[in-house]
Amino acid sequence: MSRPRHALRAAGVAALVVVAAVLPSFISDYHALEWATVGTYFIALLGLNVLTGYSGQISLGHGAFMAVGGYTSAILMAHHGVRDLWTIPLAGLVAGGAGLLFGLPALRLSGLYLALATFAVAVAFPALVKKFEHFTGGSMGLILNLPKAPGGLHLSSNDWLYYLSWGIGFALLGLGALVSRGRIGRSFRAIRDSEVAAASSGVSPAFYKTLAFGISAFYAGIGGSLVAIETAYVNPQTFPITLSLFLVVGVAVGGLGSLVGCIFGAALIEFLPTVAPDIARHAPSAIRDQVTPSVIQGLILVLVMLILPGGVAGLARLLENRALGPRFER
Amino acid sequence: MAEFWQQVVAGLASGGIYASLALALVLIYRSTGVINFAQGEMATFATYLAWTFMHHGFSFWPAFFLTLVCAFAGGVAIERVVVRPVENRPVLTVVLVTIGLLVLINGLTSSIWGGAVRKFPSPFSTRPIHVAGVAFSIQDIGIIGVSLAAVLVLGAFFRFTKLGLALRAAAVNPGASRLVGVRVSWMLALGWGLASALGAVSGMMVAPVVFLDPNMMQGILLYAFAAAVLGGLDSPLGAVVGGLTLGVLLNLLGTYVSTLGGEMRLVAGLAVILAVLIVRPSGLLGKAAVRRV
Amino acid sequence: MPLLELRDVEARYGAVKALHGVSLDVAEGELVAVLGANGAGKTTTLRAISGTVRRSGELRFRGEPLPRAPESVARRGIAHVPEGRGTFAELSVRDNLRLGAYTRRGRDSRDDLRRVYAFFPRLQERRDQQAGTLSGGEQQMLALGRAMMARPRLLLLDEPSLGLAPLVVKEIFAALARMNADEGVTVVVVEQNANLALSASARAYVLEVGRVAVSGPSDELRRAESVRKSYLGY
């Protein structure tokens, strides 16, 4: 990548970090919690991006990996009294392990079949959760202690959650960028573009595809863990099939393969229900009642796929090319 | 022993419902190469339409056939407006479009009719009939009958009519079809219309049993996927056989294995999908796919 | 007025231009051959007529400009039997033939089926078999039979002899001659086997690098040694 482009990108990310750091001082406590939730979706979307955008595998069931992470944290906290912070990496690892386990048989599936299988996982998962009532609290779920900032920091609990989510989020973003630039990232892209070519260059599709599942599930698990901590409650409906689908909407609209586009996708998922009534106001009165958040989500996904398959990130790349001239694909 | 046969018949009834929706999925997959994730929601929407017709005075069967016509038209419209523009794009794009449709249609259903669970009238009485000393539910037999009728009508259409032949040809070899004058893109729209009507049959048969609510078909969709995969995604006969088999299998498992009752059937369905895709991806009756390099 | 007129027709596959201005005429009832080496543009010429490839220039059929879409061209009464025969391998022989009559209305298609079986008895024997299980020669007969079912005004035939034993090829060309003479079907046949095509046809065009190099009555071209040596390789 050329110097000016590199600088532009780095400046953009730096600006985002600065904004994120000071945002809570400018917004209400309630909004801080909303943005904290955006952070959890952001982390899950980062993971989904690794899978779909980077290694070209589809998952319509990432909510299930979030659920694994969320329930791991919840079980550790509720049954074993573990401190919320320590459960986060554990949740990630358990979810990551589940991802690796799923990734192995998933090797045999591709494209449509994988989409089908992951969709089925997401639909069936709540039933599994209810089955193992002993651990998961069944339909009633698990109630957890309310989150509290650690003693030394004088933060409201919402502000603490905000910094927790985004701190982890940016750390994982950095990790993701490093991975993407390094050998693993190149191997992912090689496999996405052509498995046969990758294999003949010594890149094992089986290894990297499974690894992609593991990494993306790890991220999702951390996101799920944060959801559990923030809401202080989990039950089978905390991670429904619609969450998995909205994650897909988020990553597609943000832009597949774009780490920063995930911020946009996450914001879309969180704020659309709030913004929807305002959008609906612009619709003709005859159909105003019909313009609900789900309808708008679905419409956005359909329109984006029809008109702008690169999502928001694709649009950004277009503008970048206009400003700096086209860049050759690595 | 009597219970066994009752459960088999009940399983065939569920199987008929899965088979109709599975056949719809296979129809679209064969003609356009796409898995329509929104098939269940389209069926739910159609079923709500039927409910609305009955609410406005139509009796069951007139509402049924009117709904089939509307579902057909809806399917054609969706193919023309939403699917045609992305016909030649990569798989992921088309999958995402059908997911978008899923979310959109589900949202519309909720917003138009509200999320409350409703009763849906059944055209069949719930009294049992006795055959060889065993009590069978008329409703189950009725569902089997309607599902089979729908499948047979569709099969006859494909086998004996010119249009059905053209649809088969378009699915098998679009280039050669154009050379004999078949308007291939309209055949695809026709396929979507028929699939949508089949989905409506499935929805209207299951609604009396599980009650009408916007998320009614999500589980059924999973079973339909399992049935289609079991039978072979490109085999219409496989979808029907797969559906009936799955229905009976899940019902028997649910009755005789206590851990697998109720919602755990979803997990059993998932297990079927994973097992078939891993062990024999082409299913029972499908063609073994040549892996394109 | 010629049945088919092409004037300065160009065609491209993506960025590659395959036809650089082909002009030809076919009168009603003629059997015309299009010859040339590999890559000369013979197949592309047929594709340009049937609309299977993007083309520019003037193409007229019965005085009217040809439509762009293949299905519309077929409806005008032009049957194109492509390279590789274009049979529907998974459908039965009978279904393949029925598809040939797709653009025709009414009940006469059943009589057409009988006519085709009379022409090609082997198809009748195998009418319930999957088309993909037929031998190469039988598939070619099937393709011709399907074209017959459409009762076309113009038949475009691409490399009918490809991959077939000489005896079978004789049968095919005999059937073709009968179609032309008895049924009055105008035929344009593309062939690599120049000798065969020249004996069967009245007139011929020889293409080279996307243009017409030589044209004229077939027996003249056969006798002209220079033409044979330079363009036809024998």
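Residues numbered from 1 in each chain as written. Chains lettered and ligands numbered in written order. Predicted model: local features only at pLDDT ≥ 70, side-chain atom pairs only at ≥ 80, totals over all residues. Heavy atoms only, no water.

Description of the arrangement of the chains
Alright, step 1. Of all 2 pairs of chains in contact, the one with the most contacts involves chains A and B.
Alright, step 2. Separated without contact, chain A and chain C have their nearest C-alpha atoms at a distance of 21 Å. (Contact = heavy atoms within 4.5 Å.)

Notes on the side chain of Ser-235 of chain B
Residues and elements named next belong to chain B.
Alright, step 1. Structurally, Ser-235 is set in the loop between α9 (217–231) and α10 (236–256).
Alright, step 2. With a relative accessible area of 8%, Ser-235 lands in the buried category.
Alright, step 3. Setting aside anything within four residues of it in sequence, one finds Ser-235 in contact with Val-26, Leu-285 and Gly-286. (Helix = DSSP H or I, 4+ residues; strand = E, 2+ residues; numbered from the N terminus. Buried < 20%, exposed > 50% of the residue type's maximum accessible area, 1.4 Å probe, protein only.)

Examining the interface of chain B and chain C
Many analyses report the size of an interface as the accessible area lost when the parts associate.
Alright, step 1. Taken together, the contacts link 22 residues of chain B with 22 residues of chain C.
Alright, step 2. Taken together, the two surfaces of chain B and chain C that pack against each other cover about 1900 Å², and 60% of this comes from carbon and sulfur.
Alright, step 3. The tally of links from chain B across to chain C stands at 2 salt bridges.
Alright, step 4. Two residues, Glu-71 of chain C and Arg-178 of chain B, come together in a salt bridge whose shortest N-O distance is 3.6 Å.
Alright, step 5. Linking chain B to chain C there are 4 residue pairs in polar contact (both at pLDDT 80 or more).
Alright, step 6. Elements with a contribution of two residues or more to the side of chain B that touches chain C: α5 (138–160), α6 (162–172), α7 (174–179) and α8 (184–210) of chain B.
Alright, step 7. Sort the elements by how many residues they give to the side of chain B that touches chain C and α6 of chain B lands first, with 7 residues. (Buried area = accessible area lost by both parts, 1.4 Å probe. Salt bridge = Lys/Arg side-chain N within 4 Å of Asp/Glu carboxyl O. Polar contact = N/O pair within 3.5 Å; in protein donor to acceptor, adjacent residues only side chain to side chain.)

Observations regarding the pairing of strand β4 (residues 55–61) of chain C
Residue and element names in this part refer to chain C.
Alright, step 1. Note: strand β1 (residues 4–13) against β4, 6 bridges, orientation antiparallel. From the neighbouring strand, Ala-11 faces β4, where its bridge partner is Arg-55.
Alright, step 2. Pairing of β4 with strand β5 (residues 64–65) involves 2 bridges; the strand directions are antiparallel. Pairing of Phe-61 across the sheet is with Glu-64, part of β5.
Alright, step 3. Counting the residues that bridge the hairpin from β4 to β5 gives 2 residues, and of these Arg-62 lies at a positive phi of roughly 55°. (Pairing = 2+ DSSP bridges.)

What to know about the sheet that holds β5 of chain C
Residue and element names in this part refer to chain C.
Alright, step 1. Across the sheet, which stays open at both edges, the 4 strands sit in the order β2-β1-β4-β5 with antiparallel pairing between neighbours. Of all strands in the sheet, those with a lone pairing partner are β2 (16–26) and β5, marking the two edges.
Alright, step 2. With respect to the sheet, helix α1 (residues 42–50) is in contact with β1, β2 and β4, its orientation differing from that of β1 by roughly 110°. (Axes fitted to C-alpha atoms, helices over the stretch in contact; angles between N-to-C directions.)

Considering the interface of chain A and chain B
Alright, step 1. Contacts between chain A and chain B engage 42 residues on the former and 42 residues on the latter.
Alright, step 2. At the boundary of chain A with chain B, total buried surface from both sides reaches about 3800 Å², with 82% on carbon and sulfur atoms.
Alright, step 3. The tally of links between chain A and chain B comes to 0 salt bridges.
Alright, step 4. Taken together, the connections running from chain A to chain B amount to 0 residue pairs in polar contact (both at pLDDT 80 or more).
Alright, step 5. In terms of residue count, helix α5 (residues 111–131) of chain A provides more of the side of chain A that touches chain B than any other element does, 14 residues in total.

Things to note about the pairing of strand β1 (residues 128–131) of chain B
Consecutive side chains of a regular strand alternate in pointing toward one face of the sheet and then the other.
Residues and elements named next belong to chain B.
Alright, step 1. Here 4 bridges tie β1 to strand β2 (residues 134–137), and the two strands are oriented antiparallel to one another. Each bridged residue has a counterpart across the sheet, and for His-130 the counterpart in β2 is Ala-135.
Alright, step 2. The turn joining β1 and β2, which pair antiparallel and follow one another in sequence, is formed by 2 residues; a positive phi near 50° is taken by Ala-132.

Focus: the environment of Pro-62 of chain B
Residues and elements named next belong to chain B.
Alright, step 1. Along the polypeptide, Pro-62 turns up in helix α3 (residues 60–83).
Alright, step 2. Owing to a relative accessible area of 40%, Pro-62 belongs among the partly exposed residues under this scheme.
Alright, step 3. With 12 residues separating them in the primary sequence, Pro-62 and Ala-50 have C-alpha atoms 9.4 Å apart.

Concerning the environment of Arg-183 of chain A
Alright, step 1. With respect to the element layout, Arg-183 of chain A can be found in helix α8 (residues 183–193).
Alright, step 2. Note: C-alpha distance between Arg-183 of chain A and Leu-146 of chain A (37 residues apart in sequence) is 42 Å.

As for the packing of aromatic side chains
Alright, step 1. Enumeration according to the criterion identifies 26 aromatic pairs over all chains in this entry.
Alright, step 2. Ring centres of Phe-64 of chain B and Phe-65 of chain B lie 5.2 Å apart, and the angle between their planes is 85°; on these two criteria the pair is classed as edge-to-face.
Alright, step 3. According to the relative accessible area criterion, Phe-64 of chain B is buried, its value standing at 4%.
Alright, step 4. Ring pairing ties together the aromatic residues Phe-60, Trp-61, Phe-64, Phe-65, Phe-120 and Phe-124 of chain B, which thus form one cluster.
Alright, step 5. For Arg-80 of chain B, the ring lying beneath its charged end belongs to Trp-186 of chain B, and the centroid distance is 4.3 Å.
Alright, step 6. The ring of Phe-119 of chain C carries the charged tip of Arg-178 of chain C above its face, separated from the ring centre by 4.1 Å. (Phe/Tyr/Trp six-rings, centres within 6.5 Å; stacked < 30°, edge-to-face > 60°. Lys NZ or Arg CZ within 6 Å of the ring centre and 35° of its normal.)

Points about the sheet that holds strand β8 (residues 186–190) of chain C
Residues and elements named next belong to chain C.
Alright, step 1. Overall, mixed pairing links the 6 strands, which are arranged β6-β7-β8-β3-β9-β10 in an open sheet. Across the chains shown, the open sheet's two edge strands, defined by having one partner strand only, are β6 (78–81) and β10 (211–217). Each strand axis lies, on average, 15° off the axis of its neighbour in the sheet, ignoring direction.
Alright, step 2. Bridge count between β6 and strand β7 (residues 154–158): 4 bridges; the pairing is parallel.

Observations regarding the environment of Val-257 of chain B
Residues and elements named next belong to chain B.
Alright, step 1. Within the secondary structure, Val-257 is located in the loop between α10 and α11 (264–279).
Alright, step 2. Classification of Val-257 by relative accessible area gives partly exposed; the value is 31%.
Alright, step 3. Measuring from C-alpha to C-alpha, the distance between Val-257 and Ala-268 comes to 12 Å, with 11 residues separating the pair along the chain.

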